[in-house]
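Residues per chain are reported as follows:
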Amino acid sequence: ASKWVYNTISGAIGENESSYNNTFSSDEQTITQKSTTAGTYYLHVLTVDNAGNKKETISNSVTVRKELVADGSYNEDKGVNTPNLGEGMIPIKWNGSSWIETTGNDPEWYDYKAKKWANAKTSDGSMWVWIPRYAYSITSGYHSSNAGTIEIEFMKGLTNETSTGRTSFQNSSGQGNWNIHPAFNYGQEVSGIWVAKFEASNNEGTIKIQPGVSSWRSITISNMYVGCLNYNSALNSHMMKNDEWGAVAYLSKSKYGKQNEEVWINNSSSYITGSAGNSASASGNTGTTNDYTSTQGVKASTTGTVYGVYDMSGGAWEYVAGYVNNGNGNLTSYGSILVNGDAKTKNVYSKASSDSYENNYNANSSKYGDAVYEMSANGNSDNGSWYGDGSYFPDTSYPFFVRGGNDSNSTSAGVFCFIGDFGGSSSKTSFRPVLVVL
């Protein structure tokens, strides 16, 4: 007459046989249960002896967790959108001395609360970092040169609800406003983006993302743009946009990134990817290490750990797919393919009535998410952005955005640095691609 039931009740349910809806078919029976809902479960057994005496026995707790997937859907336990693995992408994790391959359902693959951003590699060995879709609020330092504070709440999938239940957003520039970051729209909302872990390098004429090599420079912005599009069309590869740079920059300044310490400069005069100086603003080649995994090396990561994005301060300048549409001849001379490219692959800024640094800067004050107006006091200064980074807004013959500074820019270099450039090839300017899995 013994019976059993499997439920989420930790306490006694009593000795009423009607509360137990399953019977035993044999002695020492194995009970197999399939759960479709995560939670903590208990097996309650009602034993009845030959004299009719009843006793309830409750098992230890059985914790059922939702299996991790890697399709961009929101995971309650992790609190972020799961990395969306595209064709040929392999998850990798750091074992303390090297990167090893893992699986999309490995619970140790990533933990954003511990500044452990998800990393993956494509078939050529290039390395990528997952930036999950999020909303942000600049809680101090808005439109100033003083490094302020940013709050981040990860979005639930493609919905307009954050992990905390927030559903109201201003989606406009301003201190205290809550904005769904615009970088997570690639012609349609996406659950996150894969950002190149390092500046691009030249692998026999094709792009590769790897540490410890010289970054790819001396190439026009149009050729950078085309190279990124051609890298992996199945994964919607494209040149990093200005707002995508901003998405990494904001996350780096939140509790999920380096937060209260500036990302250290890559001050390698040889432009070796993943390098780090011995301080945030070290001058060229001062105390440089090329080991991005070392105690010093991780200081140049957006997380302060080996899991972040590198080369965003110093290294080479980085062209991004963003420009002021001022009609200057350099737009077509060096960037015609970008200028004529698909709208979802670029950020276009308007020209003021008078085309100058500061006028163009103010004319685009409503832009948000790109780490420009929101994180700077002006558009015409060596030190107008957060942490005293450079802030020269594109104008006249320098209509294209470049970010980050280079190896010798010292205090002016940084995640929040921006200037304008002419779009031509330069031995000091590189780039990086981004992947979007649709």
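From a predicted model like this one, the values you see are computed outputs, not experimental measurements.

How each quantity is defined
- Residues numbered from 1 in each chain as written.
- Predicted model: local features only at pLDDT ≥ 70, side-chain atom pairs only at ≥ 80, totals over all residues.
- Heavy atoms only, no water.
- Helix = DSSP H or I, 4+ residues; strand = E, 2+ residues; numbered from the N terminus.
- Contact = heavy atoms within 4.5 Å.
- Axes fitted to C-alpha atoms, helices over the stretch in contact; angles between N-to-C directions.
- Parallel < 35°, antiparallel > 145°, perpendicular 65-115°, else oblique.
- Left-handed = near helix turned anticlockwise from the far one by under 90°.
- Nonpolar A, V, L, I, M, F, W, Y, C, P; charged D, E, K, R; others polar.
- Pairing = 2+ DSSP bridges.

1. Concerning the environment of Gly88
The topology assignment puts Gly88 in the loop between β7 (80–81) and β8 (90–94). Along the chain, Gly88 and Lys121 lie 33 residues apart, while their C-alpha atoms are 8.4 Å from each other. Each residue touching Gly88, except ones within four places of it in the same chain, is listed here: Lys121, Thr122 and Ser123.

2. Describing the packing of helix α1 (residues 221–231) against helix α3 (residues 329–339)
In the contact formed by α1 and α3, the axes pass within 6 Å of each other and the chain directions differ by 25°. In terms of their interaxial angle, α1 and α3 are classed as roughly parallel. Handedness of the α1/α3 crossing: left-handed. Listed contacts from α3 to Ile221, Ser222, Tyr225 and Val226 of α1 are Tyr334, Gly335, Ser336, Ile337 and Leu338. A per-class count over the contact of α1 with α3 returns six nonpolar, three polar and no charged.

3. Considering the sheet that holds β8
Strand pairing within a sheet occurs via backbone hydrogen bonds; the two strands may be parallel or antiparallel. Strands sit in the order β9-β8-β10-β11-β15-β26-β18 across an open sheet of seven strands; the sheet is antiparallel. Edge positions in the sheet fall to β9 (99–101) and β18 (238–239), since each of these pairs with one other strand and no more. Pairing analysis gives three bridges linking strand β10 (residues 119–121) to strand β11 (residues 127–132), with the strands arranged antiparallel. Residue pairing across strands places Asn119 opposite Val129, the latter belonging to β11. Sheet contacts for helix α2 (residues 242–252): β11, β15 (192–196), β18 and β26 (433–435); angle to β11, the most-contacted strand, approximately 75°.

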